[in-house]
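Topology and contacts: notes
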Amino acid sequence: MSRWPRSYPLALIIALVALVPVGVLFALASDTAELFDAHNLRVLTNTLLLMVFTVLGAVLIGVPLAVITAYVQLPWRRLWLILLAAPLAIPSYIGAFTLYAAFGPGGEIENLIGLPTPAVHGLAGATLVMTLYSYPFVMLTTRASLLSLDASLVNAARTLGMTLGVSLWRVVLPRVVTGIAAGALLVALYTLSDFGTPAIMRLDTFTRVIFVEYNAFGLSQAAMLSLQLLVIVGLVLFLESRVRGSQEKPGRHLTLWPERWQKVAMGLAVAPVTILAIVLPLSVFGIWLIREGTGGFDFRYAWNSAHASFLAAVVAVVLAIPVAHAAIAGKAGRLMERVTYFGFGVPGIVMGTALVYIGLQLPFLYQTLSLLVLAYVLRFLPLAVGSVRSTAEGLDPSLVKAARVLGASPREAFQRVTLPLTLRGMVAGAALVFLEAMRELPATLMLGPTGFETLATYLWRVYEAGYFGRAAIPGLLLVLMSALGLALMLSGERRGEFDVTENQHS
């Protein structure tokens with residue numbers, strides 16, 4: 001019988017730990033918890049409606065923008081792409097906070113220019129916010145699919161008399177359905193897991209009601225609601241696993257040269273999205289900063305965020321190494337890797353509910369930094385695993401074999417060959433975990449030590465207290481940190497774009 005690779009035992013332990021929160025929820029949900037009462041059905045309806053409307057809105061915005069950024073020759077094309085992807089650099093709860101403060105009677109817009117504006121809240125408000133900050137998922141996945149297509153079929157359709165619009169609709173879009181579906185499913189997961197936007201918009205979805213039950217000491221009911229939410233998340237994850245990318249070989253790239261008036265029309269069409277998603281939040285924070293200054297903000301909150309996130313990033317990378325190498329080694333390892341990915345699909349509010357119960361059973365962990373870091377690691381470990389694995393897969397196995405032939409032990413070969421060559425992927429994975437942990441709100445609210453404020457939780461406290469002006473500094477710092485994560489992602493996307501271009505010219 002063949003021996004298991006050395007990475008398997010550690011990877012198996014890590015995979016089992018990743019399943020602990022789900023097991024805890026089953027143990028915590030009692031028979032007295034209500035399952036299908038009228039309130040729960042309303043919560044389920046609100047959650048599903050928000051998900052469906054957000055997905056539709058993201059597709060309606062994201063797909064046309066993908067076509068524009070992929071095919072249309074515009075001045076400053078790279079700037080357009082960065083600008084249209086920029087909403088990913090702003091946590092949705094920041095967008096919800098600023099839109100809530102800007103619109104409605106007594107809002108910042110009315111105070112500034114004297115014009116009354118409608119209030120933004122409820123299902124419509126939450127859908128607007130979630131659409132504005134999730135459409136880039138659809139845009140980027142669809143754009144990647146569009147860049148991989150051969151334009152010859154479109155040119156053939158044009159020669160047969162089809163207009164450009166009809167050829168794009170009947171020839172191009174059916175070939176990028178998988179890209180659209182992949183982005184739509186990411187939007188669905190993002191919507192299901194978001195806590196801040198429904199809470200600020202006062203919409204009773206699963207995430208908001210779970211937090212309310214937790215604060216009311218209804219841990220069993222919170223666990224039952226968490227399991228219901230996990231069923232929906234599990235269904236979306238299953239659908240996501242069935243989506244397969246396009247298998248077409250890249251060919252000649254389609255290029256569209258618009259007239260001047262068409263460029264102006266595109267700019268006017270894009271303007272409302274960029275104004276609401278980017279300009280408005282930054283403007284509101286700027287107004288608050290000028291009005292309030294930095295008074296009341298303790299920069300230790302930024303240190304707390306950086307400290308906890310850094311610890312989570314280091315631990316996540318250390319745990320990602322055996323999981324990534326096990327996934328490369330064989331099918332059993334790939335299964336272990338898929339199990340760890342389940343944590344990324346578990347909403348932060350659900351992870352927090354499970355780990356609160358663990359903390360209550362293990363008092364030495366309750367409300368400690370260690371428990372908070374564990375939550376971050378379980379949530380964002382897949383980011384580190386994916387980065388380490390993608391780097392490790394690109395290594396030449398002959399290098400390790402040569403080291404072994406020269407007398408190096410497996411540990412020495414790993415330390416002197418594999419580790420230095422995968423360091424870039426480890427750093428990238430750590431950076432992504434760090435930045436996501438900085439943004440995490442619900443798990444930090446539930447698990448943070450007493451008196452331990454981060455940028456995200458301080459922002460939430462000033463919202464609850466109504467001291468909106470004090471949100472400027474933490475909000476701008478969070479946007480800056482998130483922008484670094486977007487830069488990392490777009491740098492990878494840019495390399496992929498160059499690969500496509502090189503393939504077309506070869």
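Residues numbered from 1 in each chain as written. Predicted model: local features only at pLDDT ≥ 70, side-chain atom pairs only at ≥ 80, totals over all residues. Heavy atoms only, no water.

1. Details of the overall build of the chain
Scanning the chain from terminus to terminus reveals 24 helices and 0 strands. Here the chain holds 506 residues, and 52% of them are scored as buried. Across the chain, every contact between residues at least 6 apart in sequence was considered, and the portion connecting residues at least 24 apart equals 83%. Counting only carbon and sulfur atoms, one obtains 66% of the accessible surface of the chain, whose full area is about 23800 Å². (Helix = DSSP H or I, 4+ residues; strand = E, 2+ residues; numbered from the N terminus. Buried < 20%, exposed > 50% of the residue type's maximum accessible area, 1.4 Å probe, protein only. Contact = heavy atoms within 4.5 Å. Areas by Shrake-Rupley, 256 points an atom, 1.4 Å probe, with all protein chains shown as cover.)

2. So, the environment of L372
In this fold, L372 is placed in helix α18 (residues 369–393). Note on L372: relative accessible area 0%, which makes it buried. Not counting chain neighbours up to four residues away, the residues in contact with L372 comprise A308, A443, T444, L447, G448 and F452.

3. So, the confidence of the model for the chain
On average, residues of the chain score 83 in pLDDT, and 81% of them are at 70 or above. Between residues 493–506, whose pLDDT stays under 50, and residues either more than four places distant or in other chains, the model counts 13 contacts. (pLDDT = per-residue confidence, 0-100.)

4. Comments concerning the pattern of salt bridges
Enumeration according to the criterion identifies 6 salt bridges in this entry. Here R291 ties to E108 by a salt bridge, and the two come within 2.8 Å at their closest N and O atoms. Placement of R291 in helix α14 (residues 260–292) and of E108 in helix α5 (residues 108–113) is noted, with a sequence separation of 183 residues between them. Using a relative accessible area of 47% as the deciding quantity, one classes R291 as partly exposed. (Salt bridge = Lys/Arg side-chain N within 4 Å of Asp/Glu carboxyl O.)

5. Brief notes about the packing of aromatic side chains
Enumeration over the complete set of coordinates arrives at 18 aromatic pairs. Plain terms: the ring middles of Y301 and Y458 are 4.8 Å apart, the flat faces sit at 35 degrees to each other, and that makes the pair tilted. You can see Y301 sitting in helix α15 (residues 300–329) and its partner Y458 sitting in helix α23 (residues 455–465), a full 157 residues away along the chain. Across this residue pair, the class does not change: Y301 and Y458 are buried. Within the aromatic cluster, the residues linked to one another by ring pairs are F97, Y100, F195, F211, Y214, F285, W288, W460, Y463 and F468. A cation over a ring is seen here: R338 above Y341, with NZ or CZ 5.9 Å from the ring centre. The ring of Y467 has R470 sitting right over it, with the charged end atom 4.9 Å from the ring centre. (Phe/Tyr/Trp six-rings, centres within 6.5 Å; stacked < 30°, edge-to-face > 60°. Lys NZ or Arg CZ within 6 Å of the ring centre and 35° of its normal.)

6. A look at the side chain of T274
Along the chain, T274 falls in helix α14. Here T274 is in contact with L83, L84 and V279, once residues within four sequence places are set aside.

7. Let's talk about the nonpolar core
Burial of nonpolar side chains together is a common tendency in soluble globular proteins. If you look at the biggest cluster of nonpolar residues, it comprises 156 residues, and the most contacted ones within it are M139, L146 and W460. The residues touching M139, leaving out its near neighbours within four places in the chain, are G62, L65, A66, L81, L84 and A85. (Core = buried A, V, L, I, M, F, W, Y, C linked by side-chain atoms within 4.5 Å.)

8. Overview of helix α10 (residues 177–193)
Between the first and last C-alpha of α10 there are 24 Å, a value that for 17 residues agrees with the 24 Å anticipated at 1.5 Å per step. When α10 is considered as a whole, its buried residues turn out to be G179, I180, G183, A184, L185, V187, A188, L189, Y190, T191 and L192. (Expected span 1.5 Å × (residues − 1).)

9. Remarks on a nonpolar patch on the surface
On the surface, a cluster of nonpolar side chains totalling about 390 Å² of accessible area is made up of L10, I13, V17, V20 and L374. Among the elements that line the nonpolar patch, the one with the most residues is helix α1 (residues 7–28), at 4 residues. Relative to the helices and strands, L10 is located in helix α1. (Patch = residues over 30% accessible without salt bridge, like charges linked within 9 Å, V, L, I, M, F, W, Y side chains within 5 Å.)

10. With respect to unusual backbone geometry
Even without being glycine, R202 reaches a positive phi, approximately 60 degrees. Structurally, the position occupied by R202 is in the loop between α11 (196–200) and α12 (206–215).

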